[in-house]
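Spelled out from the first residue to the last, the chains are:
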Amino acid sequence: MNNPIHYSHGTKQEPLNVHTWSDEDAQQMQKFRDSLNESKLAQFSAKQGEDFGHRHVEDNLGYTPELLDDEKGIAQGHDGVYRHPKTNEIVVMEFKGQESGQSVKQQNPNWSLDVCQDILSGRSPYGKASGQEKAIAAEILKAYERGDRIRYEVVRTKVENGKMQTQLEKQTYLEMPMDAKQLESPKIASIRNLTEQILKRRGWAKEDGVRIFEGNDYLIKKEGNTLTIEAKDGRGAVLKLDGRDLQINQLSKDDIARFQAVEQTFQTPNLQQGQEISSLSLGK
């Protein structure tokens, strides 16, 4: 993933906005928290952050939910994904309770995008991600590759001194670097050259000069100057090039590794026709 252009606003000490819940809500929450032992308190703080964070984001900030906790198949990854109706920007949300901090990975600007790639590739521990998680991950990467701005936000809910408050404490904007929106990288150029070879060796012609190779996991199509690679696991087009102009790039780390493995076997002498692409499961 190209390092995104990024800039942040807000801190834990100087949040962008703060919402104070009713005294009744605060008293009930404080009473319940006081009844918990230390081990259960940490678990409950996380749940507190998720539940009241969602309420604040939807009811007070006016975001529209696209991925909620009960739609997830895994505990890891994005706590929630929303859309801001006024800007139509996708917002990846991290909900925190009490004093919980961001992990080292979450502090990396690439984190929101790397999670999407890991979900789509099935990398551990994301292999059990739900269908909705995969669909949203693909949508986020597609928007990013298109040049849309993505937002990553941290929302915290705290209970102390008889008060309960939820605050938007950090807002980070992510955007693809301009030079990466249109130009293919050396890695993409290598995959383009490889797929051209696959089409030449094993593809067949369709109407209007379209050439296709279809295997178990991928479909490769060349129509005029346009080359498209589609994944057959429901993700659709993972790479689309018009000449050397990069239009879609949703290749996961696993996709790239598999194509690179095939490229190495292409260079091995004395392989029978079709044997060289077995590692990519392209053959029938």
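Each remark here, short or long, concerns the structure printed above.
Residues numbered from 1 in each chain as written. Predicted model: local features only at pLDDT ≥ 70, side-chain atom pairs only at ≥ 80, totals over all residues. Heavy atoms only, no water.

Student: Can you help me understand the overall build of the protein in this one?
Tutor: Helix and strand content of the protein: 7 helices and 13 strands. In the protein, which comprises 284 residues, the proportion classed as buried is 45%. The contacts in the protein between residues at least 6 apart in sequence include a share of 59% that link residues at least 24 apart. As presented, the protein carries roughly 14600 Å² of accessible surface, and 45% of it is formed by carbon and sulfur atoms. (Helix = DSSP H or I, 4+ residues; strand = E, 2+ residues; numbered from the N terminus. Buried < 20%, exposed > 50% of the residue type's maximum accessible area, 1.4 Å probe, protein only. Contact = heavy atoms within 4.5 Å. Areas by Shrake-Rupley, 256 points an atom, 1.4 Å probe, with all protein chains shown as cover.)

Student: Explain the side chain of arginine 151 to me, please; I cannot follow it from the model alone.
Tutor: Position of arginine 151 among the secondary structure elements: in strand S6 (residues 150-160). In this structure the side chain of arginine 151 is engaged in a polar contact, spanning 2.9 Å, whose partner is the side chain of histidine 84. Beyond its immediate sequence surroundings of up to four residues, arginine 151 is in contact with Tyr63, His84, Thr87, Glu89, Ile90, Val91, Val92, Gln171, Thr172 and Tyr173. (Polar contact = N/O pair within 3.5 Å; in protein donor to acceptor, adjacent residues only side chain to side chain.)

Student: Whenever I open this one, the nonpolar core confuses me. Can you help?
Tutor: Nonpolar side chains in soluble globular proteins tend to be buried together. In this structure, Val81, Ile90, Ile119, Ile140 and Ile150 are the most contacted members of the largest nonpolar core, which totals 25 residues. Every element with two or more residues in this core is listed here: strand S5 (89-97), helix H3 (111-121), helix H4 (131-146) and S6. With 7 residues, the single largest contributor to this core is H4. Core analysis: the next-biggest nonpolar cluster, separate from the first, contains 19 residues, Phe213, Val238, Leu239 and Phe259 among them. (Core = buried A, V, L, I, M, F, W, Y, C linked by side-chain atoms within 4.5 Å.)

Student: Is there a simple way to think about the packing of H3 against H4 in this case?
Tutor: To characterise two packed helices, one gives the angle between the axes of the helices and the distance between these axes. Between H3 and H4, the shortest axis-to-axis distance is 9 Å and the interhelical angle comes to 130 degrees. By the criterion of interaxial angle, the relationship of H3 to H4 is oblique. As H3 packs across H4, the resulting crossing turns out to be left-handed. Contacts from Leu113, Cys116, Gln117, Ile119 and Leu120 of H3 reach H4 at Glu133, Lys134, Ala137, Ala138, Ile140, Leu141 and Tyr144. (Axes fitted to C-alpha atoms, helices over the stretch in contact; angles between N-to-C directions. Parallel < 35°, antiparallel > 145°, perpendicular 65-115°, else oblique. Left-handed = near helix turned anticlockwise from the far one by under 90°.)

Student: It is not clear to me how the side chain of threonine 166 should be interpreted in this structure. Could you clarify?
Tutor: By the secondary structure assignment, threonine 166 is in strand S7 (residues 163-175). Judged by relative accessible area, which is 0%, threonine 166 ranks as buried. At 2.8 Å, the side chain of threonine 166 and the side chain of threonine 157 are in polar contact. Excluding residues within four positions of it along the chain, threonine 166 makes contact with Asn17, Val18, His19, Trp21, Phe52, Gly53, His56, Val155, Arg156 and Thr157.

Student: Help me understand the sheet that holds strand S11 (residues 226-231) in this model?
Tutor: Strand pairing in a sheet relies on backbone hydrogen bonds, with the paired strands running either antiparallel or parallel. The antiparallel open sheet is built from 6 strands, whose spatial order is S8-S9-S10-S11-S12-S13. Only two strands of the sheet have a single partner each, and these edge strands are strand S8 (204-205) and strand S13 (245-249). Pairing geometry for S8 and strand S9 (residues 211-214), over 2 bridges, is antiparallel. Across the sheet, alanine 205 pairs through a bridge with arginine 211, a residue of S9. (Pairing = 2+ DSSP bridges.)

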